[in-house]
Amino acid sequence: MTEFLQTFRLGWHVVVRNWMVYRKDFFANISPTLADPALILGSLGLGLSGYVGEIDGMSYAQFLAPGMIATTALFTSFFESSYGFYVRMTFESVFKAMLTTPIGVREVVLGEFMWVFVRAGLMAFGVSLVLLALGLLPNPMALLICPIIAGFLSLPCAAIGLLAASWVRNINQFQTVYSFLIAPIFYLSGVFFPVAEKSALGVIVQFSPFYHGVKLIQFTVWGKFPIQEILWHATALIAFTLLMCGISFNRIGKKLTT
Amino acid sequence: MSSAPIISARGVAKRFGDFEALASLDLVVRAGECVGLLGPNGAGKSTFIGCLYGVVLRTGGDLEVFGYDPAKNAREIKKRIGVVPQENALDEGLTVLENMRIYARFSGIDRKSADLRITALLQDMSLETKRDSPIKTLSGGMKRRLTFVRALLANPELLILDEPTTGLDPSVRHLLWEKVTDLRAEGKTILVTTHYMHEAEVLCDRVFIMDKGKVVGVGAPKELIAKEAPGFVGIFPADSEVKLRPHLNGAWEFFQQGHNSCVRAPRFDDLIELQKTTGVSALQLRPTNLEDVYLKLTGSELKEHD
């Protein structure tokens, strides 16, 4: 237990370090995180609502709104743990210096996961506030619950980023990962349209942690609580989180030590 | 030397696939010593340094630092060492103070103690006026001095310097040598890797000359020079070999250094006489140094960027 607490404490120091660097360009850093969902909501949600008609008794903007919280978690965590981690590892040699201190590889990776959890949670809270202001958050409790779900959703998404960071040979190759993995996940996981469960896509998206996070956030925002479905999506999200974080931990561990 | 070993390596080896970075390295560093690892890039110096605190996992041999195996107890070791890595790896967007506070936190130093320690070390390195300056505004020499400050934050017992003065101008190099000498006087144990033979001669009690993952010579700089390459060296122009060769004494040594022809003789007067006899003026006459030892032991020229 003492060892775990020490690891947690050292991992938290990594979070503090990242925050100190992040806050130097705070507005530049949060702009895309908040602007992208706002643009999607404005252009697609409000723009198309009049044409699309209702989905499950909701306007298109209402349907789209929870997906923006999930999207924030996806992009915040993926970009932070792919480009951000790669830059810290390769160009800034931050970890080489960090690893000369009592911080080890375990704490570095734990710290990175904790950092994306906190960042995604805070960004999700910001987006939820915007949704509340726009009248697109019918369940006010979602303001508190969604950031927590977004935090957990950010973990497997960050694991994808870390795995990519451990595989790519140069920074441009992240574009390939984005185009062929992140973009399809983003567009096809139920953010923009309801996925029919018995369709082929409905089966495929079960293997996407993002889909399960989207569903949990949708239920929370819409104030719907089908227990069995929530349990299924929560279990799947936790399972993906454990599996993918474990794999990425091993990969990054090998990358940081030789 | 009877003090306790701080570092004890027996047959330490590291392979990267087919490449043997370290081949059965034996080395003991005792408390209070300053030991140098010399050799060109690729000699295995930094690989060994990495093995000491667990970022490089050895593939053979036994290694203990403060009695701990770095592969199993790296954290216990890292609590007691300070490292100046090859790259400064400072956070460019943060100020000097912010950088140092982060690393003090990593080392478990509370804020109040950290600020006192940082202030003292910045003064010692003549950086106190840069306390609130962003790293990106510092010169290369200032960044290197700050990396020393970072390594000293936790008042380490063992200081590991990985090519500490590479690329620095002579004034900063001399300043850092002075600081290292002071740290030695305080009783700290120091392990330094360097390309610069003169640096090793100035700083180190003992040196290990490494080449291609192997130790090819060990000893105190003066002893090594006296044993392996005693005497004086004359450096002659490139086209002088034909004129020099017939006049060389059997005990003398002839070798090439770059394009120049070099002669090592036991006495300074031997080289003066050689100039008179051959009519060839030396470009330089000097006592032998560690670089000559290196050349003799490895049979190759020492290059900074091999």
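Residues numbered from 1 in each chain as written. Chains lettered and ligands numbered in written order. Predicted model: local features only at pLDDT ≥ 70, side-chain atom pairs only at ≥ 80, totals over all residues.

## Examining the overall build of chain B
Here is step 1 of the chain: Along chain B, the regular secondary structure elements total eleven helices and 13 strands.
Here is step 2 of the chain: By its C-alpha atoms, chain B is 70 × 45 × 40 Å across when sized along the principal axes.
Here is step 3 of the chain: Counting every position in chain B, which comprises 306 residues, the buried fraction comes to 44%.
Here is step 4 of the chain: In chain B, once contacts between residues fewer than 6 apart in sequence are set aside, the share between residues at least 24 apart is 68%. (Helix = DSSP H or I, 4+ residues; strand = E, 2+ residues; numbered from the N terminus. Buried ≥ 20, exposed ≤ 12 C-beta atoms within 10 Å, placed from the backbone. Contact = placed C-beta atoms within 7 Å.)

## Structural notes on unusual backbone geometry
Here is step 1 of the chain: A positive phi angle, near 50°, is found at D56 of chain A, a position not held by glycine.
Here is step 2 of the chain: Take D56 of chain A: it is sitting in the loop between helix 2 (26–52) and helix 3 (60–91).
Here is step 3 of the chain: Since 10 C-beta atoms lie within 10 Å of it, D56 of chain A is described here as exposed.
Here is step 4 of the chain: Of note, the phi angle at F66 of chain B is positive, near 55°, even though the residue is not glycine.
Here is step 5 of the chain: Tracing the backbone shows F66 of chain B in the loop between strand 4 (60–65) and helix 2 (70–78).

## As for the interface of chain A and chain B
When the parts of a complex come together, some accessible area is lost, and that lost area is often used as the size of the interface.
Here is step 1 of the chain: Listed as interface residues are 20 residues of chain A and, on the opposing side, 22 residues of chain B.
Here is step 2 of the chain: Residues that form the side of chain A that touches chain B fall into these classes: nine nonpolar, seven polar and four charged. (Nonpolar A, V, L, I, M, F, W, Y, C, P; charged D, E, K, R; others polar.)

## Concerning the confidence of the model for chain B
Here is step 1 of the chain: On average, chain B scores 90 in pLDDT, and the residues at 70 or more come to 97%.
Here is step 2 of the chain: pLDDT under 50 marks residues 302–306 of chain B. Its contacts with residues more than four places away, or in other chains, come to ten contacts. (pLDDT = per-residue confidence, 0-100.)

## Here we look at helix 7 (residues 174–188) of chain A
In an α-helix, one full turn covers 3.6 residues, which means residues spaced three or four apart are oriented alike.
Residue and element names in this part refer to chain A.
Here is step 1 of the chain: End to end, helix 7 covers 20 Å across 15 residues, agreeing with the expected 21 Å (1.5 Å per residue, within 8%).
Here is step 2 of the chain: Within the span of helix 7, buried status applies to F174, Y178, I182, I185 and F186.
Here is step 3 of the chain: Those residues of helix 7 hidden inside the fold are in contact with helix 3, helix 6 (142–167) and helix 9 (209–222).
Here is step 4 of the chain: Once helix 7 finishes, G190 follows within two positions and takes phi at roughly 90°, a positive value. (Expected span 1.5 Å × (residues − 1).)

## With respect to the nonpolar core
Looking at soluble globular proteins, one finds that nonpolar side chains tend to be buried together.
Here is step 1 of the chain: Membership of the largest hydrophobic core comes to 147 residues, with the highest contact counts inside it found for A70 of chain A together with V149 of chain B.
Here is step 2 of the chain: Once residues lying within four places of it in the same chain are set aside, the contact partners of A70 of chain A are A150, L153, V191, F210, G213, V214 and I217 of chain A. (Core = buried A, V, L, I, M, F, W, Y, C linked by C-beta atoms within 7 Å.)

## Digging into helix 6 (residues 170–185) of chain B
Residue and element names in this part refer to chain B.
Here is step 1 of the chain: Here helix 6 spans 22 Å end to end across 16 residues, near enough to the 22 Å set by a 1.5 Å rise per residue.
Here is step 2 of the chain: For helix 6, every residue scored as buried is listed here: R173, L176 and V180. Relative to the axis of helix 6, the buried residues are bounded by an arc of 65° and lie together on one face. In helix 6, the exposed positions angled more than 90 degrees off the buried face are occupied by S171, E178, D182 and A185.
Here is step 3 of the chain: Looking one or two residues beyond helix 6, the residue adopting positive phi is G187, at roughly 100°. (Arc of directions from axis to C-beta.)

## Remarks on the pairing of strand 9 (residues 214–219) of chain B
Residues and elements named next belong to chain B.
Here is step 1 of the chain: Alignment of strand 8 (residues 206–211) against strand 9, held across five bridges, turns out to be antiparallel. Each residue of the ladder has a partner; that of F208, found in strand 9, is V218.
Here is step 2 of the chain: Hairpin remark: strand 8 followed by strand 9, antiparallel, with two residues in the connecting loop; positive phi at K212, about 50°. (Pairing = 2+ DSSP bridges.)

## Some points on the domain arrangement of chain B
Here is step 1 of the chain: Splitting chain B by domain gives domain 1 (5–225) and domain 2 (231–287).
Here is step 2 of the chain: Its C-alpha centre places domain 1 of chain B at a distance of 38 Å from the equivalent point of domain 2 of chain B. (Domains from an automatic or database assignment.)

## Some details on the pairing of strand 10 (residues 232–236) of chain B
Two faces belong to every sheet, and in a regular strand the side chains alternate between them.
Residues and elements named next belong to chain B.
Here is step 1 of the chain: Pairing of strand 10 with strand 12 (residues 260–265) involves five bridges; the strand directions are antiparallel. Bridging across to strand 12, G234 finds its partner in V263.
Here is step 2 of the chain: Direction of pairing for strand 10 relative to strand 13 (residues 284–287): antiparallel, over a ladder of four bridges. Paired with I235 across the bridge in strand 13 is Q284.

## Digging into the sheet that holds strand 1 (residues 5–16) of chain B
All names here are of chain B.
Here is step 1 of the chain: Judged by pairing direction, the sheet is antiparallel, and its three strands sit side by side in the order 2-1-4 without closing on themselves. A single partner strand is all that each edge strand has here, and the edge strands are strand 2 (19–30) and strand 4. Averaged over neighbouring strand pairs, the angle between their axes works out to 15° when direction is ignored.
Here is step 2 of the chain: By the bridge criterion, eight bridges tie strand 1 to strand 2 in an arrangement that is antiparallel. Of the residues in strand 2, the one forming a bridge with S8 is V28.
Here is step 3 of the chain: Along the sheet, helix 1 (residues 45–52) makes contact with strand 1, strand 2 and strand 4, crossing strand 1 at roughly 120°. (Axes fitted to C-alpha atoms, helices over the stretch in contact; angles between N-to-C directions.)

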